[in-house]
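# An overview of the molecular structure
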Amino acid sequence: MTPTVGWGVAGCGWVARDHALPGLLAVDGARVVALHDLDPAAMDRMPVEGARRTTDLAEFLATPGLDAVYVAVPNAGHRALVEAAAAAGKAVLCEKPLAADVRDAQALVDACARAGVLLGTAYDQRWHPAHVRLRELVPELGTVTAVRIVYCCWLPGDWTPDGRPHDNWRVDPARAGGGAAIDLAPHGLDLTGTLLGEDVTSLSALLQTRVHDYGVDDGALLTGTTDGGVLVGLHVAFNTPDALPRRRLEVVGTRGAAVAVDTMGQTAGGSLTLYRPEPVDVPFADTPPSGDPFTAQFAAFTDAVAGRARWPYDPARDLALHRLLLTALSGGKP
């Protein structure tokens, strides 16, 4: 029989409720045994039966059968929660970005290393079936010269996912560590390296505060290069209406180009086209469960916790990308 991995969800906001939890519940060999949030009402909205629900972190981590923790609290709270989970011997899948600043990110990576527990960063875009397929197509593009990503959305200060009162912490500089750039750009940086097999190592940023009246950037343009000389451009924003074209990924090479439209995001779907030079639609699984990025991510981490497979992403690499981004956002100050 396949060993069952017991999961806990720490932070029961809308991403955990609407995307992560359904993906986790679809994984064979995974079982949700505990929920933790400081707001009991948030836990009440999590549609899972039989799990311990507690506002007490120590009680959460002491849940019988708990093997792994998915951390989805606001960015500034990642460090304390990850350190506690690591001290309790639990594997940790931590939402991106790793933390609100570099110091906390370094500390939580070090804590997991000292405790000898598995740490992963929850970059769901790695697992979107269109991006998995695109990674396979990269050799057909010849020498890759550029990656261009547009990943934008509409996020006013009073945004709510479901019409109910909502704590929009992503526009709170103290808890988020920034705005559109720190929230959305990590996906593009990670995805570039995942697709190409070489990471962005040089990065600069221009921040924008133009539409929304809150204390963080509502748009950013980032440019960089990989060690191999691939040019990388990222446009991320909280100020693009959702009805407009706002999600596009292009990988350009000397023999062809691949363009993914509406694949950046929390759900399966979108399109992938290969140009060599005539356009050819590239099929991929676009419906859950096989097409759901969260399901694929939790399945891979569950297998790693159970010892059935290796988690393929080094936390040191994720930390290096986090440091690169925050250095760029601070104008070159590490």
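Structure first, text after, so check above.
Residues numbered from 1 in each chain as written. Predicted model: local features only at pLDDT ≥ 70, side-chain atom pairs only at ≥ 80, totals over all residues. Heavy atoms only, no water.

### Things to note about helix 4 (residues 78–87)
The condition is simple: Categorising residues by exposure relies on relative accessible area from a 1.4 Å probe, with only protein chains included: less than 20% of the type maximum marks a residue as buried, more than 50% marks it as exposed, and the intermediate range marks it as partly exposed. Strands here mean DSSP runs of E at least two residues long; helices mean DSSP runs of H or I at least four residues long; both are numbered from the N terminus. To obtain the arc, one takes the directions from the helix axis to the C-beta atoms.
Residues of helix 4 that are buried: His78, Leu81, Val82, Ala85 and Ala86. Take helix 4 and look down its axis: the buried residues cluster within an arc of 130 degrees, on one side only. Residues of helix 4 that are exposed and point more than 90 degrees away from the buried face comprise Ala80 and Ala87. The positive-phi residue at the C-terminal boundary of helix 4 is Gly89, with phi of around 80 degrees.

### Considerations on helix 8 (residues 180–196)
Short version of the rule: For a helix, the expected span equals 1.5 Å multiplied by the residue count minus one. The bend at a residue is defined as the angle formed between two axes, one fitted to the seven residues ending at that residue and one fitted to the seven starting there.
If you check helix 8, its first and last C-alpha atoms are 24 Å apart, about what 17 residues at 1.5 Å a residue would give, namely 24 Å. Most pronounced at Pro186, the bend in helix 8 amounts to some 25 degrees. Of all 17 residues in helix 8, 17 are buried; the element is thus mostly enclosed.

### A word on the sheet that holds strand 4 (residues 68–71)
Note the threshold: Note: two strands are recorded as paired if DSSP finds a minimum of 2 bridges between them. Lines fitted to the C-alpha atoms define the axes, with helices restricted to the stretch that makes contact. Angles between their N-to-C directions range from 0 to 180 degrees. Whether two residues are in contact is decided by their heavy atoms: any pair within 4.5 Å suffices.
In space, the 6 strands of this open sheet follow the order 3-2-1-4-5-6, with parallel pairing throughout. Edge positions in the sheet fall to strand 3 (52–54) and strand 6 (119–122), since each has one partner strand and no second. With direction set aside, neighbouring strand axes in the sheet form an average angle of 25 degrees. Of the pairings in the sheet, the one linking strand 2 (residues 30–36) to strand 3 comprises 3 bridges and is parallel in character. In the sheet register, Leu35 faces strand 3, and the bridge partner there is Arg53. Packing of helix 9 (residues 293–305) onto the sheet brings it into contact with strand 1 (5–10), strand 2, strand 4, strand 5 (91–95) and strand 6, and relative to strand 5 it is tilted by some 155 degrees.

Distances and angles like these do not, on their own, reveal function.
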